[in-house]
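Spelled out from the first residue to the last, the chains are:
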Amino acid sequence: KIRLVAIFDRGPAQTLFETRLSADQTMRELKQGRVRITATVMETVELHWWLLSFGPEVEVVEPKSLRALMRKLVSDSAKRYRN
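Residues numbered from 1 in each chain as written. Predicted model: local features only at pLDDT ≥ 70, side-chain atom pairs only at ≥ 80, totals over all residues. Heavy atoms only, no water.

**So, the packing of aromatic side chains**
Next up, step 1: Under the definition given, this model contains three aromatic pairs.
Next up, step 2: Taken together, a centroid distance of 6.0 Å and an interplanar angle of 50° make the contact between F8 and W50 tilted. Taken as a pair, F8 in strand β1 (residues 2-9) and W50 in helix α2 (residues 45-52) lie far apart in primary sequence, 42 residues in all.
Next up, step 3: Residue W50 is classed as partly exposed on the basis of its relative accessible area, which comes to 27%.
Next up, step 4: Both rings, one in F8 and one in F54, keep their centres 5.3 Å apart while their planes meet at 85°; by these two values the pair is edge-to-face. With F8 in strand β1 and F54 in the loop between α2 and β4 (58-62), this pair connects stretches of sequence that are 46 residues apart. Across this residue pair, the class does not change: F8 and F54 are buried. (Phe/Tyr/Trp six-rings, centres within 6.5 Å; stacked < 30°, edge-to-face > 60°. Helix = DSSP H or I, 4+ residues; strand = E, 2+ residues; numbered from the N terminus. Buried < 20%, exposed > 50% of the residue type's maximum accessible area, 1.4 Å probe, protein only.)

Rendered as structure tokens:
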């Protein structure tokens, strides 16, 4: 299990108001309509795919290892579209 901290745009965050990621999920509204979500979740390939599915509408803050993985996956994907 990991302590996921991510910042979502308001649209995707709306679904997490109704369908929580975990019993300990917290949500805090930030400036510009973004929402900081903290939840204890299992780190799985499905979690990675789910987070990537939001594209630029989510930023993983913690854990640092997951943030680094997301950065690498997004960077590798962007390289495929350079030409």
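That was the structure; now back to the text.
**Structural notes on α2**
Next up, step 1: For α2, the set of buried residues is L47, H48 and L51. Down the axis of α2, the sector holding all buried residues measures 100°, keeping them to one side. α2 presents E46 and W49 as exposed residues on the side facing more than 90 degrees away from its buried surface.
Next up, step 2: Tucked into the core, α2 has its buried residues touching β1, β3 (34-41), β4 and α3 (64-79). (Arc of directions from axis to C-beta. Contact = heavy atoms within 4.5 Å.)

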